[in-house]
Structure formats: C-alpha cells, structure tokens
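Coordinate inspection notes
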Amino acid sequence: MADKLFILTGTSRGMGAAIAEQLLAPGHVLLCLARHRNDALAAQAQASGARCEQWALDLARPVEAADRLDAWLAALDAASFDAATLINNAAALTRIGPIDECSSAELASALRVGLEAPLLLSAAFLRGTRAWGAGRRVLNIASGLGRRAMAGQALYCATKAGIDHLSRAMALDEAMRPNGAKIVSLAPGVIDTDMQRHLRAGDAAGFPEKANFISLKEQGQLTSASDAAARVLGYLARADFGANVTADVRD
Ligand SMILES: NC(=O)c1ccc[n+]([C@@H]2O[C@H](COP(=O)([O-])OP(=O)(O)OC[C@H]3O[C@@H](n4cnc5c(N)ncnc54)[C@H](OP(=O)(O)O)[C@@H]3O)[C@@H](O)[C@H]2O)c1
C-alpha cells in the first residue's frame, strides 16, 4: 500500500503537536519542524507504526529550512507515496502593543516565522513534489486576525492576511499546472494554547481587546488543541479541499 507524506511546522506544542499526534498511523510518514523536539510525539510514533522525523530548527531562518527540505524531498522515493501534504502551522506573536514598541529583530523574526517560512517551505514542497503522481495539498493555518484588524498585534495580523493572499495566488498558479496542488488557508478557531496565554497576559494599555480574550477563557469558549486539530484534519480530508481557498473550520 502507498504511504502518505505529511510535512508539518510548529509540532512541539499547541495545535501543531496535536495535529502531529493525530496523524500518527501506519503508512503515514511525518516530517515535523519546530525549534524544540517533541519527545512525547517521538515516543508515540514508535508505538504507532508511523515514521516520524523531527527537525529542531528555527523558522526565523527559513532559507536553511527550505534548502534542507529541498534536499530531503529529492532523496525520497516518490513512487511510494499516493498523497503529500504540507501544513504550515507555526506562527509567532510579538510582544503585545504597537509595532514601534518591538525591536526590529523581534519584528523581523516573527515576520519570517509567520510569512517568509510558509512561503519558502511551500515553494520547496511544490518544487520537490511537482513530478509526483501523488495528490498534493498545502494547508496554511490562517487566523480570523488576518481578516479583521486588531490593535496590539499588527505584525501577526499582517502575516495572517499575507498567508490568505499568498494562498489565493498560489492556488491560481497551481490551477494552471498538471496535478496542481490544492491550497487552503484555514482559520482554526480560538484555541487554548500558549498563544492565547500570551494575549491574556498583554498590557491592556496597548491592547483594547485584552478583556475579550480573558472572557473567552473564563467562559470556556476556547477549543482544546486536540479538538481544533481534529477539525483541521477533518477539513484537510474533505473531497472538496481547495474549492474555497480561504476558509474557516467553523464554516
Ligand atoms: N491559539 C489560537 O487561538 C489561534 C487562533 C487562530 C489561529 N491560530 C494559529 O494556529 C496555529 C497554531 O497556533 P498555536 O496556538 O498552537 O500556537 P503555539 O501554541 O504558540 O505554538 C506555536 C508553534 O510554532 C512553533 N514556532 C514558533 N516559533 C518558531 C520558530 N522560530 N521556529 C520554529 N517553530 C516555531 C512553536 O515551536 P517552538 O517554540 O518549539 O519553536 C510551536 O510548536 C498558528 O498558525 C496560529 O497563528 C491560533
């Protein structure tokens, strides 16, 4: 039986870790990218029958990551896969407040993780699997904040708006090619992870919506990482994946 390849970013914690765990199954080959290795994932992978490789790398240096992915894909046996998927999940917030309160280094790093890395990894994935017979999908994890501006996280809003529009334009390119990849930019809902903790801890002075984020948590309105992962993977498996390039799991 043919294998299914999944390349995922941000798998050390949060929703990315849950997605990776739920993908562990016989016949699945996972390549997981984050700065920190996920030991629990490695242990579960051994028991699951899946093949799971983890690269501990910083996506703020996306050229290195993309070059390594180019070489890795070139060494695979394309004929052994009937599906290949890239999930660009990793993202980074800056400190809460207007951009001029962040250092240039902090802004550049978050911009690279949130937008430059997904773009370069997508390019490497599409290039490396172009000649494969496998069905190919790119799932970019978007956010409601890419579609609605919010004070205090301008850079994050910009990266997520960029993810949406990158996905739209990539989908147009892929539609013109034989066995073009299906592309979706998917908002995953509001999830109980470190990202929400960071927002709730922000200084209200530069962050008028702080109280809303606290109330979402207090009222139990956050989705667990595992439920969010299940919904994202449910969307990824849909037969009409790619029909709507910008989507929301709550649609
Ligand atoms: N949580 C929410 O409510 C929410 C809402 C809408 C959209 N989203 C989106 O959903 C996705 C997952 O979010 P989450 O809440 O699970 O985030 P999270 O808990 O903050 O986890 C972020 C992941 O990204 C990785 N990452 C961050 N900086 C990195 C870097 N420089 N290099 C490599 N990996 C890096 C982290 O791993 P390391 O630290 O080990 O590098 C971690 O695995 C993100 O795209 C986020 O924007 C989340």
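First, a word on what this report is: a plain description of the structure on this page. (Residues numbered from 1 in each chain as written. Predicted model: local features only at pLDDT ≥ 70, side-chain atom pairs only at ≥ 80, totals over all residues.)

**Some remarks on the environment of Ala243**
As a reminder of what qualifies: By definition, any uninterrupted DSSP run of H or I lasting at least four residues is a helix, any uninterrupted run of E lasting at least two residues is a strand, and each is numbered from the N terminus. Note on burial: count the other C-beta atoms lying within 10 Å of the residue's C-beta; 20 or more is buried, 12 or fewer is exposed, in between is partly exposed, and C-beta positions come from the backbone.
Along the chain, Ala243 turns up in the loop between α8 (225-236) and β7 (246-248). By the C-beta count within 10 Å, which is 10 here, Ala243 ends up exposed. Sequence separation between Ala243 and Thr159 is 84 residues; the distance between their C-alpha atoms is 23 Å.

**Concerning the site of the ligand**
Where we set the bar: We call a residue near a molecule or strand if the C-beta atom, set from the backbone, is within 6 Å of it. Any residue outside Ala, Val, Leu, Ile, Met, Phe, Trp, Tyr, Cys, Pro, Asp, Glu, Lys and Arg is labelled polar, Gly included; the first ten of those are nonpolar and the last four are charged.
The ligand sits among 27 residues. The nearest are Gly10, Gly14, Arg35, His36 and Thr193. A breakdown of the residues in the shell around the ligand according to their chemical character gives 13 nonpolar, 10 polar and four charged.

**Describing the environment of Glu218**
Checked against the element boundaries, Glu218 lands in helix α7 (residues 210-218). A count of 10 C-beta atoms within 10 Å places Glu218 in the exposed class.

**Focus: the pairing of strand β6 (residues 182-187)**
If a strand is regular, its side chains alternate between the two faces of the sheet. To keep things clear, this is the line we draw: Pairing between strands is defined by DSSP: at least two bridges between the two strands are required. For a crossover, the right-handed case is the one in which the path from the first strand over the helix to the second runs clockwise, viewed with the strands pointing away from the viewer.
Across the six residues of β6, six count as buried, placing the element largely inside the fold. Because side chains alternate across β6, one face comprises the buried residues Lys182, Val184 and Leu186, and the other comprises Ile183, Ser185 and Ala187, equally buried. As paired strands, strand β5 (residues 135-141) and β6 are joined by five bridges and run parallel to one another. The residue of β6 that forms the bridge with Asn140 is Ser185. What joins β5 to β6 is helix α5 (residues 154-175), and the crossover it makes is right-handed. Summarising the sheet, β6 and β7 pair through three bridges and their orientation is parallel. Within the sheet, the bridge partner assigned to Ala187 lies in β7 and is Asp248.

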